[in-house]
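Per-entry structural report
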Amino acid sequence: MQESELKYFKEILEGRKEQIIKNIRGVNAELDQLSSMELNDEGDHASVDNSSMIESAIIQQQEKELREINVTLAKIQSGDYGICEMCEDPIGFQRLKVKPHAIYCIDCREIVEKNR
């Protein structure tokens, strides 16, 4: 992969990383607000519990993506970026444009998905 392409993907990944960190902080602030609310009845409790579950699921998904991005940034640093972890062929540029932290090429991703 060319240096300009690596720089392009690194900038995208770092931007996404910053956005995720902001999102997580925002969701944590919302959860703190929910937990400090004065609840009057069971409906309020149910609503807060539901919101908390949704917010927690969002945080879990965002943290997973953040871990994937950190691994990918390390791969850029080490020179291993853009190589499929299964077949070790280059991952297509278009695939990386759609998901810059992809670890599989399209063919291997399909195999992994079918095996789940």
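Everything quoted here is computed from the prediction, not taken from an experiment.

Thoughts on the environment of N28
By the element assignment, N28 lies in helix α1 (residues 3–35). Sequence-wise, N28 and E55 are 27 residues apart; in three dimensions their C-alpha atoms are separated by 8.2 Å.

What to know about the nonpolar core
Core analysis: the biggest nonpolar cluster contains 16 residues, and Y81 and L96 have the highest contact counts within it. Elements represented by at least two residues in this core include exactly α1 and α2 (42–78). Dropping the residues within four chain positions of it, Y81 is found in contact with M1, L6, F9, T72, K75, I76, L96 and P100.

Comments concerning a nonpolar patch on the surface
A cluster of nonpolar side chains, contributed by Y8, I12 and F93, occupies part of the molecular surface with about 230 Å² of accessible area. Inspection of the secondary structure assignment puts Y8 in helix α1.

With respect to the packing of aromatic side chains
Enumeration over the complete set of coordinates arrives at 4 aromatic pairs. Each ring, one from Y8 and one from F9, has its centre 5.1 Å from the other, and the planes form 70°; the classification is edge-to-face. For Y8, a relative accessible area of 36% translates into the label partly exposed. Aromatic pair F9 and Y81: ring centres 5.6 Å apart, planes at 50°, arrangement tilted. Placement of F9 in helix α1 and of Y81 in the loop between α2 and α3 (93–98) is noted, with a sequence separation of 72 residues between them. Summarising the burial analysis for this pair, F9 and Y81 share the class buried. An aromatic cluster is present here, built from Y8, F9, Y81 and F93 joined pairwise through their rings.

Calculation notes
Residues numbered from 1 in each chain as written. Predicted model: local features only at pLDDT ≥ 70, side-chain atom pairs only at ≥ 80, totals over all residues. Heavy atoms only, no water. Helix = DSSP H or I, 4+ residues; strand = E, 2+ residues; numbered from the N terminus. Core = buried A, V, L, I, M, F, W, Y, C linked by side-chain atoms within 4.5 Å. Buried < 20%, exposed > 50% of the residue type's maximum accessible area, 1.4 Å probe, protein only. Contact = heavy atoms within 4.5 Å. Patch = residues over 30% accessible without salt bridge, like charges linked within 9 Å, V, L, I, M, F, W, Y side chains within 5 Å. Areas by Shrake-Rupley, 256 points an atom, 1.4 Å probe, with all protein chains shown as cover. Salt bridge = Lys/Arg side-chain N within 4 Å of Asp/Glu carboxyl O. Phe/Tyr/Trp six-rings, centres within 6.5 Å; stacked < 30°, edge-to-face > 60°.

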